[in-house]
Amino acid sequence: MNLILTSVMSRDTGTKQINNYQDRVKPFHIDQHHLIKRWIDSANNIKTSGIIFYDQISDKLLSTANTTIKFKQETKLTRSNHCDNRFYIYKEYLQQNKDIDNVFLTDCNDVYFNKNPFDLMSNKYDLYVGSEYRPSRWCNQRFELINGYGVSWELPQDEKIRYNMGIIGGRRDQVLKFLEHIVSYMNHVESSIGANTPAGILTLHNHFDLSRVFTGQPLHNHFRMAGFEDTEKTRGSAYIVHK
């Protein structure tokens, strides 16, 4: 079975830090219903199954569930930052559901599908991961912040692209391997600090053969990639459009 997992968390998590949520008090899914619906509609269009984990959500969104796209309530909170906490949820779910063959983990409100990403998978690669290019200032600052809490993480010096945790896919065993390592890294960091991007980068660089990690076109569009424009053409040819 092939399955796409995503999440929409609004309560008791660091949603104010996500997607310019800022200081609004409404759960962000209320304002971004149309974007979440876009994920659902595009997943339906490529005829794949998906699960949206949520803590609290509107009846309007719940009514969009069908035979292939389901909602699953999840209130367990391991970390106070949702972008971190979702990986704990995914790990537990994949450990419990051994009938899954291949899986993608994606962002929700800034992702949609043009084509079925499972059609890209082959024995040549272990993981299929999103990436972008951006100046390293933000990530350097994040590593510095995390290191202020008793760990010693170093940004890989040979990093040519910046892996993005908004798209992670592969065989169930490989994605579980990724999740076990990213969770292990985050367990060493203060719960309130968003650590999934640095932890994911270290997981990929230290625990996977990067020659077996597929990233870029045609898996996803050229978002912030040096030397490329993120045009309607590149978005149209990508299996997954992110941001």
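Here, the structure is the one placed above.
Note that the structure is predicted; figures quoted are calculated from it, not measured.

Analysis parameters
Residues numbered from 1 in each chain as written. Predicted model: local features only at pLDDT ≥ 70, side-chain atom pairs only at ≥ 80, totals over all residues. Heavy atoms only, no water. Phe/Tyr/Trp six-rings, centres within 6.5 Å; stacked < 30°, edge-to-face > 60°. Helix = DSSP H or I, 4+ residues; strand = E, 2+ residues; numbered from the N terminus. Buried < 20%, exposed > 50% of the residue type's maximum accessible area, 1.4 Å probe, protein only. Lys NZ or Arg CZ within 6 Å of the ring centre and 35° of its normal. Pairing = 2+ DSSP bridges. Contact = heavy atoms within 4.5 Å. Axes fitted to C-alpha atoms, helices over the stretch in contact; angles between N-to-C directions.

1. Some thoughts on the packing of aromatic side chains
Okay, so step 1: Following the criterion strictly, the structure yields 13 aromatic pairs and no others.
Okay, so step 2: With 6.2 Å between their ring centres and 90 degrees between their planes, Phe 87 and Tyr 90 make a pair best called edge-to-face. One end of the pair is Phe 87 and the other is Tyr 90, both in helix α4 (residues 82–96) and three residues apart, which spans about a single turn. Comparing Phe 87 with Tyr 90, the two get one shared label, buried.
Okay, so step 3: Ring geometry for Phe 104 and Tyr 128: centres 6.4 Å apart, planes at 50 degrees, overall tilted. Taken together, the residues span a long stretch of sequence, with Phe 104 in strand β4 (residues 102–106) and Tyr 128 in strand β6 (residues 127–132) at a distance of 24 residues. Each member of the pair, Phe 104 as well as Tyr 128, is classed as buried.
Okay, so step 4: Here a set of aromatic residues connected by ring pairs shows up, and it is made of Phe 53, Phe 87, Tyr 90, Tyr 93 and Phe 178.
Okay, so step 5: When the ring centre of Phe 208 is taken as reference, the NZ or CZ atom of Lys 177 above it lies at 4.4 Å.

2. Structural notes on the sheet that holds strand β3 (residues 69–73)
Backbone hydrogen bonds hold the strands of a sheet together, and the pairing may be parallel or antiparallel.
Okay, so step 1: Strands sit in the order β3-β2-β1-β4-β7-β6-β8 across an open sheet of seven strands; the sheet is mixed. Among the strands making up the open sheet, the edge pair consists of β3 and β8 (213–214).
Okay, so step 2: Of the strand pairs in this sheet, strand β1 (residues 2–8) and β4 are connected by four bridges, and their pairing is parallel. Bridging from a neighbouring strand, Asn 2 pairs with Asn 102 of β4.
Okay, so step 3: Strand contacts of helix α6 (residues 172–186): β4, β6 and β7 (162–171), with the helix running at about 140 degrees to β7, the strand carrying the most contacts.

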